[in-house]
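# Fold and geometry: a report
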Amino acid sequence: MSRKFYLENQNGDRIPLNGERDVWLYDVTGIGVDTANDFADISRGFYAETKAGIPQQTIDGTLLFKGPCRLQNYADTVNFILNAAELRLVFIPVSTEYYRKVKLKFLSRGESTRVHLETSLSLSVLSPWYLPT
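Below is a short write-up of the structure.

Calculation rules
- Residues numbered from 1 in each chain as written.
- Predicted model: local features only at pLDDT ≥ 70, side-chain atom pairs only at ≥ 80, totals over all residues.
- Heavy atoms only, no water.
- Helix = DSSP H or I, 4+ residues; strand = E, 2+ residues; numbered from the N terminus.
- Buried < 20%, exposed > 50% of the residue type's maximum accessible area, 1.4 Å probe, protein only.
- Contact = heavy atoms within 4.5 Å.
- Areas by Shrake-Rupley, 256 points an atom, 1.4 Å probe, with all protein chains shown as cover.
- Phe/Tyr/Trp six-rings, centres within 6.5 Å; stacked < 30°, edge-to-face > 60°.
- Lys NZ or Arg CZ within 6 Å of the ring centre and 35° of its normal.

Further remarks concern the overall build of the protein chain. Along the backbone of the protein chain there are one helix and nine strands. When the helices and strands of the protein chain are listed from N to C terminus, the series reads β-β-β-β-β-β-α-β-β-β. Residues classed as buried in the protein chain amount to 35% of the 133 residues present. Considering only residue pairs separated by 6 or more positions, the protein chain has 62% of its internal contacts joining residues 24 or more positions apart. Surface exposure of the protein chain reaches about 8200 Å², of which carbon and sulfur atoms provide 51%.

Moving on to the packing of aromatic side chains. Going through the model one piece at a time under the given rule, you end up with four aromatic pairs. Ring geometry for Phe-65 and Tyr-74: centres 5.6 Å apart, planes at 85°, overall edge-to-face. Here Phe-65 matches Tyr-74 in class, with each residue buried. When the centroid spacing of 5.7 Å and the interplanar angle of 45° are considered together, the rings of Phe-91 and Trp-129 count as tilted. Taken together, the residues Phe-91 in strand β7 (residues 87-92) and Trp-129 in the segment after β9 (116-125) connect sequence positions 38 residues apart. Each member of the aromatic cluster is reached from another via a ring pair, and the members are Phe-5, Phe-91 and Trp-129. Between Lys-66 and the ring centre of Trp-24, over which it is positioned, the NZ or CZ distance is 5.9 Å. When the ring centre of Tyr-74 is taken as reference, the NZ or CZ atom of Arg-109 above it lies at 5.7 Å.

Keep in mind these values describe shape, not function.
Right, here's the structure in full:
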């Protein structure tokens, strides 16, 4: 998998979500763009745009914590998110980093097995995707 995800706070501190610290984000939805355009029928199959907009979205996925430190990694991730004055999701599909301001909607706590802990994550989107410059 070439894409990468990070959670970043206002200080530029990051939590990697690509397995570097036995934490993975997968099954991600909502990273694309959605529009909320309204159109008027001006006759015979022709339409004119009357309102253009971008609705607020959510980004959802599954966080997987593996290994002997899975419970500590979960606690560290929750503390990082809750203590961030500003939180960004960093998405690197190939080589360019894209940022999106987000706010935690929920992070569930699933059952922990001897080898992993799987949780559901939902982030409310507060900005469009933007470049760091």
